[in-house]
Amino acid sequence: MFSIRKAKDIGMKYTLFGVGISNIVIIFLIFLFIFLNGMKFFKEYPVSDFLLGTKWISLSDYFGLLPLLVGSFWVTIIALLISIPVGIFTAIYISEYASPRMRTILKITIETMSAIPSVVLGFLGLYVLAGVVKNVFHLNSGLTALSGGIMLAFMAIPTIVSIADDSLTALDISYKEASLALGANKIETITNVLLPAAFPGIFAGVMLGFGRIIGETLTVLMITGNSPILATSPLSPVRTLTATIAAEMGEVVNGSMHYHALFAIGLILFFISFITNSIADKFIQKSRKLG
């Protein structure tokens, strides 16, 4: 009996080990595939022209990254400016003010928000939000960076709320009790004690929300106008890094310079994602130690 149980434990151990190793190998192979194809582009096109170029016109072999970076910047900064305060305030309300029943309702609602497909948000932005933006700002088209940023904020809020709420809830009760015992009111306790103590976890949530925003494709492809220009305003149509890959990969000639240029964009996105998740993981580990 003992030997059978031990054999099962050993078998499960090596099975889980094999699954873990296979995940690492798959991720490495994906990176290697993107890296090799991206490097082929830089053999044909100068790195400086790619990173500092101000034109992305694939038909004329202009592959400047700056218009796409600027488009991603506008969409991302708008989404973060909306999602960070909304997410943190919602997490504070859930953890400190909401009744158990309200907390359950809000948690279910937030989880439901995170499950909404991006194409649905894209349709809402295209047929509802774009018209509002167009009329409010008197534009020719509502397909702008502002529209994309607003819709992406709804995608980042659930991530920020969930992780910020978990970070606040995981704090030792002694933080709150000591602050209240010293005469601080609830708002002062939240502002001066709980938020600083939970900051690593909250920041990790923000970074993961940023990763969700920067990696989103379909929503921005539908509602940002897809114009690869150096936009000077969030009211301009833009094109993001991810939208460029999605819009052009289906029509590109396999093995051409344009084909490899899209892999170069993918390489940039891979590094951004890797750095973002590494920072988030570092702060999550720090939050667990403090908790």
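Reading guide: rules and limits
- Residues numbered from 1 in each chain as written.
- Predicted model: local features only at pLDDT ≥ 70, side-chain atom pairs only at ≥ 80, totals over all residues.
- Heavy atoms only, no water.
- Salt bridge = Lys/Arg side-chain N within 4 Å of Asp/Glu carboxyl O.
- Helix = DSSP H or I, 4+ residues; strand = E, 2+ residues; numbered from the N terminus.
- Buried < 20%, exposed > 50% of the residue type's maximum accessible area, 1.4 Å probe, protein only.
- Patch = residues over 30% accessible without salt bridge, like charges linked within 9 Å, V, L, I, M, F, W, Y side chains within 5 Å.
- Areas by Shrake-Rupley, 256 points an atom, 1.4 Å probe, with all protein chains shown as cover.
- Lys, Arg positive; Asp, Glu negative; His and termini not counted.
- Polar contact = N/O pair within 3.5 Å; in protein donor to acceptor, adjacent residues only side chain to side chain.
- Contact = heavy atoms within 4.5 Å.
- Core = buried A, V, L, I, M, F, W, Y, C linked by side-chain atoms within 4.5 Å.
- Axes fitted to C-alpha atoms, helices over the stretch in contact; angles between N-to-C directions.
- Parallel < 35°, antiparallel > 145°, perpendicular 65-115°, else oblique.
- Left-handed = near helix turned anticlockwise from the far one by under 90°.
- Nonpolar A, V, L, I, M, F, W, Y, C, P; charged D, E, K, R; others polar.
- Phe/Tyr/Trp six-rings, centres within 6.5 Å; stacked < 30°, edge-to-face > 60°.
- Lys NZ or Arg CZ within 6 Å of the ring centre and 35° of its normal.

Visitor: Explanation requested: the pattern of salt bridges in the structure shown.
Guide: Once the charged atoms of two side chains with opposite charge are near each other, the side chains can pair. One pass over the structure, following the stated rule, counts four salt bridges. Across the pair R103 and D165 runs a salt bridge whose closest N-O atoms are separated by 3.2 Å. Residue R103 is found in helix α4 (residues 100-114), and its partner D165 is found in helix α6 (residues 145-169); the two are separated by 62 residues along the sequence. D165 sits in the buried class, given a relative accessible area of 0%. For K107, the salt bridge goes to D165, with nearest N and O atoms at 3.0 Å. Here K107 is found in helix α4, whereas its partner D165 is found in helix α6, with 58 residues between them in sequence. The exposure class of K107 is partly exposed, given its relative accessible area of 21%. Salt bridges here are not isolated pairs; linked through shared partners, they connect R103, K107 and D165.

Visitor: I would appreciate a short explanation of a nonpolar patch on the surface in the present structure.
Guide: Side chains of I10, Y14, F17, I21, I24, V25, F28, L29, L32 and L36 sit close together on the surface and give an oily, nonpolar patch of about 970 Å² of accessible area. Tracing the backbone through its elements, the reader meets F28 in helix α1 (residues 2-44). A relative accessible area of 49% places F28 in the partly exposed class.

Visitor: Please clarify how the side chain of E216 should be interpreted in this entry.
Guide: Counting through the fold element by element, E216 comes out in the loop between α8 (186-215) and α9 (218-223). Lacking a salt bridge, the buried E216 has R212 as its closest oppositely charged neighbour, with an N-O distance of 4.5 Å. A distance of 3.2 Å separates a polar atom in the side chain of E216 from the backbone nitrogen of T219.

Visitor: Could you clarify how one ought to interpret the side chain of S179 in this entry?
Guide: Tracing the sequence through the fold places S179 in helix α7 (residues 173-181). Taking relative accessible area as the criterion, S179 reaches 8% and is therefore assigned buried. For S179, the residues in contact, after removing those within four places along its chain, are A184, T189 and V193.

Visitor: Would you mind going over unusual backbone geometry with me for this structure?
Guide: Phi is positive for D61, close to 60°, though the residue is something other than glycine. Within the secondary structure, D61 is located in the loop between β1 (56-57) and β2 (62-63). Overall, the relative accessible area of 42% leaves D61 in the partly exposed class. Even without being glycine, H138 reaches a positive phi, approximately 55°.

Visitor: Help me understand the nonpolar core in this model?
Guide: Of all hydrophobic cores here, the largest spans 22 residues; its most connected members are V75, L152 and I213. Sorting the residues of this core by element identifies α3 (66-97), α5 (118-137), α6 and α9 as the ones contributing at least two each. Each residue touching L152, except ones within four places of it in the same chain, is listed here: V75, A79, I213, E216, T219 and V220. Formed by 18 residues, the second largest nonpolar core is a distinct cluster that contains F63, M257, Y259 and A261.

Visitor: Before we go on, may I ask you to explain the packing of α3 against α8 in this structure?
Guide: What describes two packed helices is the angle between their axes and the distance between those same axes. The contact between α3 and α8 brings their axes to 9 Å, and the two run at 140°. The orientation of α3 with respect to α8, classified from their angle, is oblique. Between α3 and α8 lies a crossing of right-handed hand. Residues S72, T76, A79, L80, S83, I84, I88, I92, E96 and Y97 of α3 form the contact with α8, whose participating residues are K186, I187, I190, L194, L195, I202, V206, F210, I213 and I214. The class makeup of the residues in the contact of α3 with α8 is 15 nonpolar, three polar and two charged.

Visitor: Help me understand the environment of V70, please; the structure alone is not making it clear to me.
Guide: Mapped onto the elements, V70 comes out in helix α3. Sequence separation between V70 and D172 is 102 residues, and the spatial gap between their C-alpha atoms is 42 Å. When neighbours within four sequence positions are excluded, V70 is seen to be in contact with L230 and A231.

Visitor: Even after reading the chapter, I still don't get the packing of aromatic side chains, so can you show me in this structure?
Guide: Applying the stated criterion across every chain, the model contains 15 aromatic pairs. Ring centres of F123 and Y127 lie 6.0 Å apart, and the angle between their planes is 10°; this geometry places the pair in the stacked category. Of the two residues, F123 and Y127 both sit in helix α5, four residues apart, roughly one turn of that helix. For Y127, a relative accessible area of 63% gives the class exposed. In textbook terms, an aromatic cluster arises when at least three aromatic residues are bridged by ring pairs, as seen for F41, F42, Y45, F50, W56 and F63. Just above the ring of Y14 sits the side chain of K13; from NZ or CZ to the centre is 5.8 Å. Sitting over the face of the ring of Y62, K55 holds its NZ or CZ atom 5.4 Å from the ring centroid.

Keep in mind that these numbers describe shape and distance, not what the molecule does.
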